[in-house]
Amino acid sequence: MIDSSRLEPRVSALVDAIDWPTPSPELSARVIAAIESPSTRRGSQQWRRTAIAIATVVVVTGVMVFSPSTREAVADLFDAAGIRIGLTTDPAPTIGAVLDLGDPIQFDDVEQVVDFEVRAPTDEELGPPDGVYLGDHGEVTMVWTQRQALPAAGDTDVGLLLAQRQVDSPRHIGDKAIGQGTEVRVLEVEGHAAVWIEGTPHTLTFLDSDENPVEETTRLAANVLLWEANGVNHRLETRGDLESALAIVETLEALS
Amino acid sequence: MEGRPLDERELIASAQSGDTRAFEQLVRIHQEIALRVAYLVVRNRSEAEDVTQDAFVKAYRSLGRFHDESPFRPWLLRIVRNEALNRVRSSTRRDRLAIQAGRDPVSGDAALSPEAVVLTEEESRQLLALIDDLPERYRAVVVHRYLLEMSEQETSEILGVPPGTVKSRTSRALERLRLRLGDEFEERP
């Protein structure tokens with residue numbers, strides 16, 4: 001068997017073995033033409049207006065409705081959990097109309113398609129997820145169908161949803177807009193600040209790694225536990241209570 | 001413009017002020033490595049060039065959020081990689097990387113140092129196939145550290161993981177490759 005000291009130079013030698021593409025001579029000119037194109041300029045301006053509008057709605061409504069103590073707790077979470085919370089009076093999303101969680105992938109293939117460490121509950125009663133999906137922004141979502149211990153959320157037949165997303169940078173921040181009559185509890189999960197949101201449905205928006213605003217209104221929007229651990233944002237959605245959610249968290253283990 | 005050529009910091013500052021000619025120079029400086037980053041993800045030459053073009057446009061749009069004290073290359077290549085990943089996420093098929101044909105280590109360049117390694121075509125294909133089969137988090141660090149010849153720090157910044165994680169994943173990836181190679185990868189003298 002080859003030893004480690006001889007393997008590394010061979011892997012390095014692949015640089016000279018690959019038949020690399022070379023940039024076409026007009027690449028830089030095409031980039032500039034695209035930048036200077038009026039149509040792409042308009043698109044960018046529209047994007048900025050949308051981003052500003054979303055930020056304004058979340059922040060302003062949050063300031064209006066949150067109590068001072070809650071605002072302070074939420075501000076603490078901003079950096080710790082990568083989630084920013086505000087209140088909204090917008091109509092609640094239709095629960096479970098279409099989950100649209102991304103492309104279905106095999107549970108055994110999760111490791112192959114994402115570049116962060118994904119974890120799954122190891123509780124024997126829960127078992128492996130009934131479905132795993134890869135979202136457009138690299139989010140891995142596992143779902144378990146309803147059963148006696150996992151009542152269905154809303155109009156769906158899903159009893160539990162666990163979504164995991166790598167936290168790319170300090171700018172990669174989630175915004176969560178929640179309605180009035182919703183209980184928000186700040187707590188600690190796996191040694192990190194976390195938040196439990198129980199009550200009316202929520203709308204989640206976040207900025208992707210290029211700071212494009214992305215809206216997610218198609219989740220279960222049941223009770224939600226949000227926390228960040230090991231550079232990964234976790235979102236656990238269930239109709240169950242906080243205690244049952246924390247019991248699931250305790251069984252999480254890396255897939256490999 | 002007469003005088004000395006602008007350095008990268010000056011080009012970035014000019015581009016941030018809306019000077020597209022300055023940005024065009026930045027494109028020329030980084031287009032080769034950007035294209036390689038895209039190609040390693042999408043595995044198709046023409047699509048890699050499309051991805052690279054779109055990523056440069058996106059980078060220009062995002063220049064206002066680039067901070068002077070940060071290194072530019074990893075910031076740019078991160079955008080390229082994300083753009084490429086977005087293109088392939090809906091595809092389950094991944095083509096193999098193209099290998100240069102007719103490589104023969106026996107007739108190697110006399111200028112090569114005694115430590116230099118030249119892989120045969122078959123060895124290259126075999127090793128690349130094993131790298132492709134690694135879990136993505138290991139494959140990504142191997143690709144950036146060895147195929148793109150990036151430092152741990154740059155790899156860390158592009159992948160968005162701490163340098164220590166790059167180091168440990170690299171070590172685990174090499175160990176996995178070593179075990180998978182087993183006795184099949186015969187060592188030439």
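About the criteria used
Residues numbered from 1 in each chain as written. Chains lettered and ligands numbered in written order. Predicted model: local features only at pLDDT ≥ 70, side-chain atom pairs only at ≥ 80, totals over all residues. Heavy atoms only, no water. Helix = DSSP H or I, 4+ residues; strand = E, 2+ residues; numbered from the N terminus. Buried < 20%, exposed > 50% of the residue type's maximum accessible area, 1.4 Å probe, protein only. Contact = heavy atoms within 4.5 Å. Areas by Shrake-Rupley, 256 points an atom, 1.4 Å probe, with all protein chains shown as cover. Buried area = accessible area lost by both parts, 1.4 Å probe. Salt bridge = Lys/Arg side-chain N within 4 Å of Asp/Glu carboxyl O. Polar contact = N/O pair within 3.5 Å; in protein donor to acceptor, adjacent residues only side chain to side chain. Nonpolar A, V, L, I, M, F, W, Y, C, P; charged D, E, K, R; others polar. Pairing = 2+ DSSP bridges. Axes fitted to C-alpha atoms, helices over the stretch in contact; angles between N-to-C directions. pLDDT = per-residue confidence, 0-100. Expected span 1.5 Å × (residues − 1). Parallel < 35°, antiparallel > 145°, perpendicular 65-115°, else oblique. Left-handed = near helix turned anticlockwise from the far one by under 90°. Arc of directions from axis to C-beta.

Peer 1: What am I meant to see in the overall build of chain B here?
Peer 2: Within chain B, the regular secondary structure consists of 8 helices and 0 strands. Element order for chain B, N to C, with α for helix and β for strand: α-α-α-α-α-α-α-α. In chain B, which comprises 189 residues, the share counted as buried stands at 50%. Summarising the internal contacts of chain B: among those between residues at least 6 apart in sequence, 64% fall at separations of at least 24. With an accessible surface of roughly 9200 Å², chain B has 47% of that area assigned to carbon and sulfur atoms.

Peer 1: So what exactly am I meant to see when it comes to the interface of chain B and chain A here?
Peer 2: Where interface size is quoted, it is often the accessible area lost as the parts come together. In this complex, chain B contributes 71 residues to the contact, which on the side of chain A involves 60 residues. Roughly 5700 Å² of surface becomes buried between chain B and chain A when both sides are summed, with 55% attributable to carbon and sulfur atoms. Put simply, chain B and chain A have 3 salt bridges between them. One salt bridge connects R45 of chain B with D19 of chain A, and the closest N-O pair in it is separated by 3.3 Å. Between chain B and chain A we count 8 residue pairs in polar contact (both at pLDDT 80 or more) in total. For the side of chain B that touches chain A, the secondary-structure elements that each account for two or more residues are α2 (20–42), α3 (45–62), α4 (72–88), α5 (121–132), α6 (136–147) and α8 (163–181) of chain B. Class assignment of the residues belonging to the side of chain B that touches chain A gives a composition of 31 nonpolar, 12 polar and 28 charged.

Peer 1: Got a minute to help me understand the sheet that holds strand β5 (residues 140–145) of chain A in this structure?
Peer 2: What holds strands together in a sheet is hydrogen bonding between their backbones, with the strands either parallel or antiparallel. Residues and elements named next belong to chain A. In spatial order, the strands read β2-β4-β5-β6-β13-β12-β9-β8; together these 8 strands make up an open sheet with antiparallel pairing. Unpaired on one side and paired on the other, β2 (103–105) and β8 (183–189) mark the two borders of the sheet. For this sheet, the mean inter-axis angle between neighbouring strands, taken without regard to orientation, is 20°.

Peer 1: Just to check I follow, could you spell out the confidence of the model for chain A for this structure?
Peer 2: Interpreting fine coordinate detail is not advised for predicted regions of low pLDDT. All names here are of chain A. Taken over all residues, the pLDDT of chain A has a mean of 69, while the share at 70 or more is 57%. This stretch, residues 41–82, has a pLDDT under 50; its non-local contacts, to residues over four places away or in other chains, come to 53 contacts. Note that residues 87–98 has pLDDT below 50 and, in this model, 27 contacts with residues that lie over four places away or in other chains.

Peer 1: Explain α3 of chain B to me, please; I cannot follow it from the model alone.
Peer 2: Residues that lie three or four places apart on an α-helix share one face, since the helix turns once every 3.6 residues. Helix length check: α3 of chain B, at 18 residues, gives a terminal C-alpha distance of 25 Å against a target of 26 Å (1.5 Å per residue), a fit within 8%. Buried within α3 of chain B are the following residues: A48, E49, V51, T52, Q53, A55, F56, V57, A59, Y60, R61 and S62 of chain B.

Peer 1: Hey, could you run me through unusual backbone geometry in this one?
Peer 2: Outside of glycine, negative phi angles account for most residues, and trans bonds account for most peptide bonds. Residues and elements named next belong to chain B. Look at R43: it is not a glycine, yet its phi comes out positive at around 65°. With respect to the helices, strands and loops of the structure, R43 is situated in the loop between α2 and α3. The phi dihedral of E149 is positive, around 55°, even though this residue is not glycine. By the element assignment, E149 lies in the loop between α6 and α7 (152–159).

Peer 1: Explanation requested: the packing of α7 of chain B against α8 of chain B in the structure shown.
Peer 2: To describe two helices that pack against each other, one gives the angle between their axes and the distance between the axes. Residues and elements named next belong to chain B. As a packed pair, α7 and α8 sit with axes 8 Å apart at the nearest point and diverge in direction by 105°. As summarised for this structure, α7 and α8 are arranged roughly perpendicular, according to the angle between their axes. Along its contact with α7, which presents E152, Q153, T155 and S156, the element α8 presents P163, V166 and K167. Taken together, the residues of the contact of α7 with α8 sort by class into 2 nonpolar, 3 polar and 2 charged.

Peer 1: What should I look at first to understand the packing of α2 of chain B against α3 of chain B in this one?
Peer 2: All names here are of chain B. At their nearest, the axes of α2 and α3 sit 8 Å apart, and the two run at 135° to each other. Viewed along their axes, α2 and α3 adopt a mutual orientation that is oblique. For the pair α2 and α3, the sense of crossing is right-handed. Residues T20, F23, V27, H30, Q31, A34, L35, A38, Y39 and V42 of α2 lie in contact with α3, whose contacting residues are R45, E47, A48, E49, V51, T52, F56, A59 and Y60. Of the residues contributing to the contact of α2 with α3, the split by class is 12 nonpolar, 4 polar and 3 charged.

Peer 1: Can you help me understand helix α1 (residues 8–16) of chain B in this one?
Peer 2: Residue and element names in this part refer to chain B. Buried within α1 are the following residues: L11, I12 and A15. Angularly, the buried residues of α1 cover 100° about the axis, an arc narrow enough to put them on a single face. Looking at the packing, one finds that the buried side of α1 touches α2, α3 and α4. Between the side-chain oxygen at the start of α1 and the backbone nitrogen of R9 there is a gap of 3.1 Å, and the oxygen is on D7.

Peer 1: What should I look at first to understand the environment of L134 of chain B in this one?
Peer 2: Tracing the chain through its elements places L134 of chain B in the loop between α5 and α6. The spatial distance from the C-alpha of L134 of chain B to the C-alpha of L177 of chain B is 8.1 Å, given a sequence separation of 43 residues. Sequence-distant contacts of L134 of chain B, defined by excluding residues within four places in its chain, comprise Q112 of chain A together with R139, V142, A173, R176 and L177 of chain B.

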